[in-house]
Amino acid sequence: MMNSELPEPRLYVDNAATSFPKPPRVLQAMVNYAQAIGASAGRGAYAEARESGRVIGACRERINKLFHGEDANHFIFTLNCSDGLNMVIHGLLRPGDHAISTAIDHNSVLRPLNELASDGRITRSIVKVDAETGLVDPQDIRRAITAQTRLIVVAHASNVSGSLQDIREIGRIAREAGVAFLVDAAQSAGHVPIDVQRDGIDFLAVPGHKGLLGPLGTGVLYIRPGIEKKLRTVRQGGTGSVSESDFQPEFMPDRFEPGSHNAIGIAGLSEGVAWVLEQTVAKLRAHEESLCAAFMDAAAGIEGLTFLGPRQIAQRVGVYSVRVNGWEPLALAAELEHEFNILTRPGLHCAPLAHRTFGTHLPAVAGKPTSVGTTRLSFGPFLTRPEINRCVAALETIAARAGKLAHSV
Ligand SMILES: Cc1ncc(COP(=O)(O)O)c(C=O)c1O
């Protein structure tokens, strides 16, 4: 029986930061690893070390299947999505090269590129996106290509506006021009179908801990077969293989996986990926689309509420940056948490150029220069339509208080 006196349970709506909850089998696999396996793959000949290697190999196979890769050994385990992005940006670009990214990219792309450009090692172009939809025109990317361009980087889905880019068309343009194509799939992997072969992707950087439902501390980088020869290693070390060699092995995946694996995390990730495969990305996408429809229909009726990004569901994922008249983003998130037990993320979301594009780098409340950015709600596979309604009802209640506001936390 519902007791209206009881507070509503905590509702996590920050899946763009990391997904929560995870399927129970993710945690079970990690507990089993810790209790029954424990060993480090490639670091012993005994059964437990071999089992660790099997767990890691099985995870690679599942990921290869999910993204329709050519060879499971071309999926490298990383720490997170940023790690994979850095491996490509620092490993591929040479002095004198030119790189292209977009105005909606995350700091995990912007900062490594800025680092290389700051002392003139590379030059770069930042291609604009539409100020309403956040979508890039692939022809603008084509026009930005020069004889020096070695890399195009695109965030498949924006963590600010949810805008979903046409990566297949951009991949085609990159292939035609002979330029490597790196896709930042932080907000799309597990949410939207991705086929590395069909989409013309050379490198795919993926967090294990968001849409693939693995634990924090996991990530994956796809390296197209053949292109690994052009990618310098940014780390070298023990691989448990060819230990007599003075240099990093040439073969995959050892070339890019020095040091002991996060095997316990990979054991969990493997089950997250198995769950996604069983559900199918198409079905997860259909569920997310229904949540988007419910949110946008209801939000349209709230006076004083605006959100960023495309209105067409086909052009977006379930990431909504909102502003409510009179409310600072941080105060709005605090109110949602403290009064409604709803967890969101305020601020610039590590994507300052995206907020600049949308104009949300400017204060939300006049005279409050710290009140920049938006309050972000981001959906995950376990969120339900009634929970979306709960978010909308809370936003509606808060928006109705607009007069008394402009308070900060
Ligand atoms: C678009 C985008 N790229 C990259 C990242 C970095 O991901 P990670 O935290 O796994 O390094 C994020 C994280 O939110 C993101 O949203």
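Residue indices follow the written sequence of each chain, beginning from 1 at its first position. Only residues with pLDDT of at least 70 are given local features in this predicted model, and only at 80 or more are side-chain atom pairs given and counted; all residues enter the totals for whole chains, interfaces and linings. Where side-chain values are given, they derive from all heavy atoms of the structure, hydrogens and water being excluded.

Is there a simple way to think about helix α4 (residues 107–118) in this case?
Since the α-helix advances by 3.6 residues per turn, residues separated by three or four positions end up pointing in the same direction. Here's how the labels work: a residue is buried when its accessible area is under 20% of the maximum for its type, exposed when over 50%, partly exposed in between, all with a 1.4 Å probe on protein chains only. Strands are runs of DSSP state E lasting at least 2 residues, helices are runs of H or I lasting at least 4, and numbering of each runs from the N terminus. Within α4 the residues assigned to the buried category are N107, S108, V109, L110, P112, L113 and L116. Summarising the contacts, the buried residues of α4 are in contact with α3 (81–92), β3 (98–102), β4 (123–127), β5 (149–155), β6 (180–184) and α10 (352–358). Following α4 by one or two positions, G120 has its phi on the positive side, about 80 degrees. Residue contacts are counted whenever heavy atoms from the two residues lie within 4.5 Å of one another.

It is not clear to me how the domain arrangement of the protein should be interpreted in this structure. Could you clarify?
As used throughout, domain bounds are those supplied by an automatic or database domain assignment. For the protein, the assigned domains are domain 1 (24–279) and domain 2 (280–404). Measuring from the centre of the C-alpha atoms in domain 1 to the corresponding centre in domain 2 gives 28 Å. Listed by partner, the interface residues are 34 residues for domain 1 and 29 residues for domain 2. One speaks of a salt bridge when a side-chain nitrogen belonging to Lys or Arg is within 4 Å of a carboxyl oxygen belonging to Asp or Glu. Linking domain 1 to domain 2 there are zero salt bridges. The leading source of residues in the side of domain 1 that touches domain 2 is helix α7 (residues 263–279), at five residues.

Help me understand helix α11 (residues 385–399), please; the structure alone is not making it clear to me.
Here a helix's expected span is defined as the number of its residues, less one, multiplied by 1.5 Å. In this model, α11 (15 residues) spans 21 Å end to end at C-alpha, consistent with the 21 Å of a helix rising 1.5 Å per residue. Among the residues making up α11, those that are buried are I388, R390, C391, V392, A394, L395, I398 and A399.

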